[in-house]
Amino acid sequence: MKTTLAVLILSTTAFAQQSRNPVTDVLRDSLAARQKNTVAAIEEMPAEKFGFKPTPEQMSFGHLAGHIVEGNYFFCAKVGDVPQPKFEELPETAAKDKLVAAVKASFDFCGTALAKAEDSKLSDPIQDFTGNQRPRAWAALALAGSWADHYGAAAMYLRLNGLLPPTAPKKPEENKK
């Protein structure tokens, strides 16, 4: 009887604590890990490798860093229903420290913008980067996808340069360092 009562109380508590914003809560909850891993990947690449391109047709690592900044500002502003701030668009040849600082600042902005996001606004119309109207939910899904895509690209660039991405498991002998 005590076990049944405990389960009932816990279930009622969990039900009462259900969020009215499950979608935007997931974005907010995933931000810290995405920020940590992406920033660490950008920091891992040596400054002299920011011009690296896997193929001539692909963007350089420095361009990828700038692309992450632009994507974060655009999508986080749209999801949070806040104005996109003015930011310095750095060239792909900018110094590593400037690109890293810009990536960090864009993720910090995401934290502020996503704090204002509400699921009730996900059906509201917004303009995408081509001027077409889409529901705000498009920006939320695009944001989550871009975080995964950008980290995956940065991880690939690192591996092509003999470096391990932040989420890669270390070999046992590397853990002793």
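Refer to the structure printed above.
Residues numbered from 1 in each chain as written. Predicted model: local features only at pLDDT ≥ 70, side-chain atom pairs only at ≥ 80, totals over all residues. Heavy atoms only, no water.

1. Topic: the pattern of salt bridges
So the rule is basically this: Put simply, a salt bridge is a Lys or Arg side-chain nitrogen that is within 4 Å of an Asp or Glu carboxyl oxygen. We count a stretch as a helix when DSSP gives it H or I for four or more residues in a row; a strand needs E for two or more, and each element gets its number in order from the N terminus.
What the rule picks out here adds up to five salt bridges. Between R28 and D25 there is a salt bridge whose closest N-O contact spans 2.6 Å. Taken as a pair, R28 and D25 lie in helix α2 (residues 22-44) at a separation of three residues, close to a single helical turn. Within this structure, D81, K121 and R136 form a network of salt bridges that share partners.

2. Digging into the side chain of N72
The cut-off we apply is this: Throughout, a contact is declared for two residues whenever any of their heavy atoms are within 4.5 Å.
Within the secondary structure, N72 is located in helix α3 (residues 61-80). The residues touching N72, leaving out its near neighbours within four places in the chain, are A77, S106, F107, F109, C110, L143 and W147.

3. Re the state of the cysteines
Using the following cut-off: Count a disulfide wherever a pair of cysteine sulfur atoms falls within 2.5 Å.
Applying the stated criterion across every chain, the model contains one disulfide. Each sulfur of the disulfide joining C76 and C110 lies 2.0 Å from the other. On the sign convention where negative means left-handed, the S-S torsion of about 90° between C76 and C110 marks this disulfide as right-handed. Highlighted residues: C76 in helix α3 and C110 in helix α4 (residues 96-114), separated in sequence by 34 residues.

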